[in-house]
Amino acid sequence: MACESALPAIMDEQALMGLNPNADACYRQRALAYFEQLKESLDGWEVCAQALAKGVYSDDHVKFFCFQVLEHQIKFRHGSLTAAQQQLIRDTLMKWLQAQLMNVHPEKPFIRNKAAQVLALTFVMEYLTLWPKFFFDILNLVGLNPNGVDIYLRTLMAIDAEVVDRDILHSPEETRRNTLIKDSMRGQCIPALVESWFQILQTYQHTHSELTCQCLEVVGAYVSWIDLNLIANDRFVNLLLSQMSMEELREEACDCLFEIVNKGMDPVDKTKLVESLCQVLQSAGFFNIEQEEDVDFLAKFSRLVNGMGQSLVLSWTKLSKMGDVKVSAEALRAVEAKVPLMLQLLIHEDDDISANIVGFCYDYLHVLKQLPALNEQQKTNVEAIMLAVMNKLKYDDEYNFENEGEDEAMFVEYRKQLKMLLDRLAQVSPELLLEAVHRVFNATMQNWQTVQFMEVEVAIRLLYMLGEALPASHGAHFSGDTTKTSTLQSMMRTLVSCGVSEYQHSSVTLEFFETAVRYDKFFLVEPQHIPSVLMAFLDHRGLRHSSPKVRSRVAYLFSRFIKTLHKHMNAFIEDILSRIQDLLELAPPENGFPALLSSDDQLFMFETAGVLIVNGESPAERKQALMRSLLTPLMEAFRMLLAKLPQEAGDERQAVLADCLSHAVGFASRTSKVFSNKQTVKQCGCSEVYLDCLQTFLPALSCPVQRGPLRSAVRSFLHRMIICLEEEVLPFIPAASQHMLKDCEPRDLQEFIPLVSQITAKFKNQVSPFLQEIFMPLVMAIFEVLSRPAEENDQTAALEKQMLRRSYFTFIQTIASSGMNEVMASQGAENIERVLFTIIQGAVDFPDPIAQKTCFIILSRLVELWGGKDGLVGFPDFIYKHIVPACFMAPLKPTFDLSDAQTVLTLSECTLTLHMIHLKRGPECIQFLQEYLPSLQVSAEITQELCQVLQQPDVKVLKNYMKRKKGRFKNI
């Protein structure tokens, strides 16, 4: 429809029916179209304004709709409205507001919120120019009418969101406007607003708690940027304190005081404010928290005390830096005076109350850390905080270990906060912490059989936490400082010998194994304890535990334990392998019994088995036999399942089998992690076993079903075998590649290219014939996938193509940088040209700085290889026709954003390409630029300047020049 046509003065009633959430789809569609029509019309919105001003509709959805249309006009079209139309908006809003004063039943909250948003938007647009009396007009209209006050307060909060809220991003222009609005408000209306807040708080504190709480929220929001003296005075503070005693208001009053305390101020003034507030709160009895039963209020109060404490610490920090000894000492005394209250809140049985004071506690410890020495009271405080932390770390009876929910997650987060306190305590007084943990640990371990699980768990947990609180280089906790090492050694000795690993609670069991592995270096000092801990890992306490969660974690911890202590395992290798044999079986998909370990857990078990076999002291023949006995069952199961897979009819069943086959390959691959190169595999006599695995797994590449997972698994195995078997893998690569290039998906190619790149980088000229043969089939497969049409909004497909494009360019870069130019040179002129054009396209046309950077690296390398007198025939012509223009066209693209770090790197590589062209072509390059640059409207002066800079031997000069000119030559 044409925007100029005026709409009738009545609204489309049938379209309005579609606003009801229960309306039919066709009506909803019509309502949506009508909404768009009203938004686009130059004066259609006036119908909505009239409807609001006259209260034509009683339906809430229609009222909301009218406000939405009005909101759109103010937000996007305010500047183009006539003076009369702008006045109509103001009149509409004031008439609607006036109507609210008479309403027996106030509008629904969502209508009031939307009206407040529209009022706030109008204020933002007009306060500085057209409506400076905005607040006075509203206050004169609403007075103390409860319905009017409600809209007024909601509008103030909406204005805060538009003008003040730091969490909302604003443009520089909006930020300047918002600053002007606040400055103007401070000068014109803030005292009147504050007075209105006082009147509302006083009038409604006993009769309308909802309005009073709203008003307290407004005061808290505005106090950060208005004159604090308007709020922090006897009249206002006494009112707030009286409301701290009113059950329905006390939490909001507490939040309001918190915002007052949080306001940025001069440190001396802040200290005085906090101290005076504390005195009043203390004399009013608020510090006697043991008599307070309302935990929700106490959580708010704890937050307030935390704010006061942190404010005092900040004042002390600033005053100390200023060198004012006397005043900073007063601030420190003020901080210390709050410590008893802080400790009461920290130790409170409710974790929310405790968590809210942790910030102050942490900051106080930071203060103590900076002092030259602690006095007796400060040492007492440190010990009290330690005891509080140790006590609060304990689980409670309700904690559900097997099915952790939201409450459990919150406790885990709270524990992390307590850990931060423990770490800070260690920085303040490591000796005190070590001594306290030692005392608690020994007392608990002596009686672990009769102590509750949470006491036992926390005692072991504290020992575990010392590992981070008292850091040691590479976990060397048992060398160096003798006090620390002997204490830790003594506790570890107790842990592994007192029998606590038998405690019948999963949290204690897990903590035992976690701690044994954290201090695995202890067993290097006292290896006599290894057998007993090994048995704990292997029996009902560890890998055979009744809890799947414990078994899973122990599988991982066991692998770490064995890796660290493999030199001490020689006597136990075959016994361990025998005991874990059933955990190394490929769980067949059809037996229906849940396996003891998941396939992910089994990966750790296979890795552990590999470490034990390879690092043992047995001869190579024995190692080979052990490795074969480990891998043969996997190969046999693989062959059987692979034969069965194509015969399965259902997709679901096929997917289960393919999953099982992938696990078999993954397990075999994981056993090889212990090898770093071919030499280590040969020394153990294991090359033959892995070649057998390779021959077993490769047929999966030609399986007609479930190609994706099978190819992915075999590809990963090939990556490992290139490291382990080196050139022995090469005979298998051509056939494997041929299969992997058939019927490719983007992801298949994306994963295949790194394999070819790995082969190229490792074997270079050895694989040149193979690469020459596979190069164009691979490139053509990539081109085919990239050219497939995709839905315009399909983000996943777009991302897959982008990643494939990057992989392709990385592959070309690998070939070029490996000095294997013959691979590309042998592809025939037409194919070479086609590939070169894709690199130029990648450098210039795709707004992907990572790919662009790679393309310029390739171009620079190709210029170096082929750009000289003996280079590829016709390549110099390509340089001038395509590469030089690419070096200038890429930075000229609007998407070339130099505030992005990757783009800066792209510009650097682009510059290096230009430098390389000049190195290889000399004066001829300069002559070309002098003719070419003017065609880009680059001035003669800049052209000359660039040519001179390009001839400098130091490439940094050119890089700096290009950065300075920002690569944008057009408008210089």
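None of these values were measured; they are calculated from a predicted model.

*Asks:* Whenever I open this one, a negative patch on the surface confuses me. Can you help?
*Replies:* Together, Asp 396, Asp 397, Glu 398, Glu 406 and Asp 407 line one region of the surface with negative charge. Among the structural elements, Glu 398 can be located in the loop between α20 (376–392) and α21 (406–428).

*Asks:* Just to check I follow, could you spell out helix α37 (residues 746–763) for this structure?
*Replies:* One turn of the α-helix equals 3.6 residues, which is why residues spaced by three or four share an orientation. Taking 1.5 Å of rise per residue, 18 residues should cover 26 Å, and α37 covers 26 Å from first to last C-alpha, within 8% of that figure. Those residues of α37 that sit buried are Pro 746, Asp 748, Leu 749, Phe 752, Ile 753, Leu 755, Val 756, Ser 757, Ile 759, Thr 760 and Phe 763. Tucked into the core, α37 has its buried residues touching α35 (707–724), α36 (733–740), α38 (768–786) and α39 (795–817).

*Asks:* Where do I start with the environment of Cys 213 in this structure?
*Replies:* Mapped onto the elements of the fold, Cys 213 is located in helix α11 (residues 209–222). Given the relative accessible area of 16%, Cys 213 is considered buried. Separated by 12 residues in sequence, Cys 213 and Leu 201 have C-alpha atoms that sit 8.5 Å apart. Not counting residues up to four positions away in its chain, the partners in contact with Cys 213 are Glu 248, Leu 249 and Glu 252.

*Asks:* Just checking my understanding: could you explain the packing of aromatic side chains for this structure?
*Replies:* Under the defined criterion, the tally for this structure stands at 45 aromatic pairs. Taken together, the ring pairs in this structure connect Phe 478, Phe 512, Phe 513, Tyr 519, Phe 522, Phe 523, Phe 537, Phe 558 and Phe 561 into an aromatic cluster. Over the ring of Tyr 395 we find Arg 415; its NZ or CZ atom is 4.3 Å from the centre of that ring. Over the ring of Tyr 464 we find Arg 518, and its NZ or CZ is 4.0 Å from the ring centre.

*Asks:* How should I be thinking about the confidence of the model for the protein in this particular structure?
*Replies:* Caution is warranted with low-pLDDT regions, since their predicted coordinates should not be read in detail. Predicted confidence across the protein gives a mean pLDDT of 91, with 97% of residues reaching 70 or more. Averaged over each element, pLDDT in the protein is lowest for helix α1 (residues 13–17) (67) and highest for helix α27 (residues 530–538) (98). When the criterion is pLDDT under 50, residues 1–9 qualifies, and its contacts beyond four places in sequence or with other chains add up to 16 contacts.

*Asks:* Help me out: how do you make sense of the nonpolar core in this one?
*Replies:* Within soluble globular proteins, side chains that are nonpolar generally end up buried alongside one another. Among the nonpolar cores identified, the biggest contains 340 residues, and Met 185, Trp 197 and Phe 301 are the most heavily contacted of them. Those residues in contact with Trp 197 that lie beyond four places of it in its chain are Tyr 152, Leu 156, Cys 215, Val 218, Val 219, Tyr 222, Ile 226, Ile 231 and Phe 236.

What counts, and at which threshold
- Residues numbered from 1 in each chain as written.
- Predicted model: local features only at pLDDT ≥ 70, side-chain atom pairs only at ≥ 80, totals over all residues.
- Heavy atoms only, no water.
- Patch = residues over 30% accessible without salt bridge, like charges linked within 9 Å, V, L, I, M, F, W, Y side chains within 5 Å.
- Areas by Shrake-Rupley, 256 points an atom, 1.4 Å probe, with all protein chains shown as cover.
- Salt bridge = Lys/Arg side-chain N within 4 Å of Asp/Glu carboxyl O.
- Lys, Arg positive; Asp, Glu negative; His and termini not counted.
- Charge placed at Lys NZ, Arg CZ, Asp CG, Glu CD.
- Helix = DSSP H or I, 4+ residues; strand = E, 2+ residues; numbered from the N terminus.
- Expected span 1.5 Å × (residues − 1).
- Buried < 20%, exposed > 50% of the residue type's maximum accessible area, 1.4 Å probe, protein only.
- Contact = heavy atoms within 4.5 Å.
- Phe/Tyr/Trp six-rings, centres within 6.5 Å; stacked < 30°, edge-to-face > 60°.
- Lys NZ or Arg CZ within 6 Å of the ring centre and 35° of its normal.
- pLDDT = per-residue confidence, 0-100.
- Core = buried A, V, L, I, M, F, W, Y, C linked by side-chain atoms within 4.5 Å.

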